[in-house]
Amino acid sequence: MRDLTIADLPHLQRILRSTGAFTEAEVACAMELLAIVLDDPAQIDYRVAVAQTDGDVQGYVLYGPTPLADGNVTLYWIAVCPEAQCRGVGRRLMAQVEEYARQHGGRLVCLETSSQGGYERTRRFYRQAGYVEESRIRDFYSPGDDRITFVKRLDQTLDL
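In this text, all values refer to a predicted model and were calculated from it rather than measured experimentally.

With that settled, the discussion passes to the pairing of strand S1 (residues 47-53). With 7 bridges connecting them, S1 and strand S2 (residues 56-65) associate as antiparallel partners. Within S2, the position partnered with Val-48 by the bridge is Leu-62. What sits between the antiparallel neighbours S1 and S2 is a turn of 2 residues, in which Asp-54 has the positive phi angle 50°.

Right, let's talk about helix H3 (residues 89-103) for a bit. Counting along an α-helix, one turn takes 3.6 residues, and residues three or four places apart therefore face a common direction. For H3, which comprises 15 residues, the first-to-last C-alpha distance of 21 Å matches the rise-based estimate of 21 Å (1.5 Å per residue) to within 8%. Along H3, the residues classified as buried are Val-89, Gly-90, Leu-93, Met-94, Ala-95, Val-97, Glu-98, Tyr-100 and Ala-101. Packed against the buried residues of H3 are S1, S2, strand S3 (72-80), strand S4 (108-114), helix H4 (120-128) and strand S6 (145-153). Immediately beyond the C-terminal end of H3, within one or two residues, lies Gly-105, with a positive phi of roughly 70°.

In the contact formed by helix H1 (residues 9-18) and helix H2 (residues 24-39), the axes pass within 10 Å of each other and the chain directions differ by 155°. Considering their axes alone, H1 and H2 lie roughly antiparallel with respect to each other. The crossing of H1 and H2 is right-handed. In contact with Leu-9, Leu-12, Gln-13, Leu-16 and Arg-17 of H1, H2 contributes Glu-24, Val-27, Ala-30, Met-31, Leu-34 and Leu-38. A class-by-class count of the residues in the contact of H1 with H2 yields 8 nonpolar, 1 polar and 2 charged.

Our focus in this paragraph is the sheet that holds strand S5 (residues 132-142). With respect to topology, 6 strands assemble into an open sheet ordered S1-S2-S3-S4-S6-S5, the strand pairing being mixed. Each edge of the open sheet carries a strand with a single partner, namely S1 and S5. Across the sheet, the mean angle separating the axes of adjacent strands is 25° when strand polarity is ignored. The sheet contact formed by S5 and S6 spans 6 bridges and is antiparallel. Its bridge partner being in S6, Ser-142 is matched across the sheet by Asp-145.

Conventions and cut-offs
Residues numbered from 1 in each chain as written. Predicted model: local features only at pLDDT ≥ 70, side-chain atom pairs only at ≥ 80, totals over all residues. Heavy atoms only, no water. Pairing = 2+ DSSP bridges. Helix = DSSP H or I, 4+ residues; strand = E, 2+ residues; numbered from the N terminus. Expected span 1.5 Å × (residues − 1). Buried < 20%, exposed > 50% of the residue type's maximum accessible area, 1.4 Å probe, protein only. Contact = heavy atoms within 4.5 Å. Axes fitted to C-alpha atoms, helices over the stretch in contact; angles between N-to-C directions. Parallel < 35°, antiparallel > 145°, perpendicular 65-115°, else oblique. Left-handed = near helix turned anticlockwise from the far one by under 90°. Nonpolar A, V, L, I, M, F, W, Y, C, P; charged D, E, K, R; others polar.

Written out as structure tokens, the structure is:
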């Protein structure tokens, strides 16, 4: 794991697109958030960890303290290149977020995702990582596309 650099941007954009999970609008939003991290080193809302193996960027996670919430960390984006999926990269990225939360007095790690069928694998990944569905807002993103919030309560978790 390492910090984000400007040289990572084309690799991360390729990864976001290659997963097949994100629309072009979502890719654009993810890239905008990465630019915020790079353009404003003093900002405190977002942190990024980049997973790299043998010089190859394999994925990233963007997360940060949840504004106005005591002890909450939000995982905003996570993406792993298809070639590196099912090899522990995603688990290492999630562990990075959880470790950050623990070091900063975090109680909860929260994330949201879509109910669409294309996200089923993602939802399964979150469940396997110990996250539970906490809430669902029907038709949030669009008719038939619910927003599902997953939560991991760190005080009930003994391992990463």
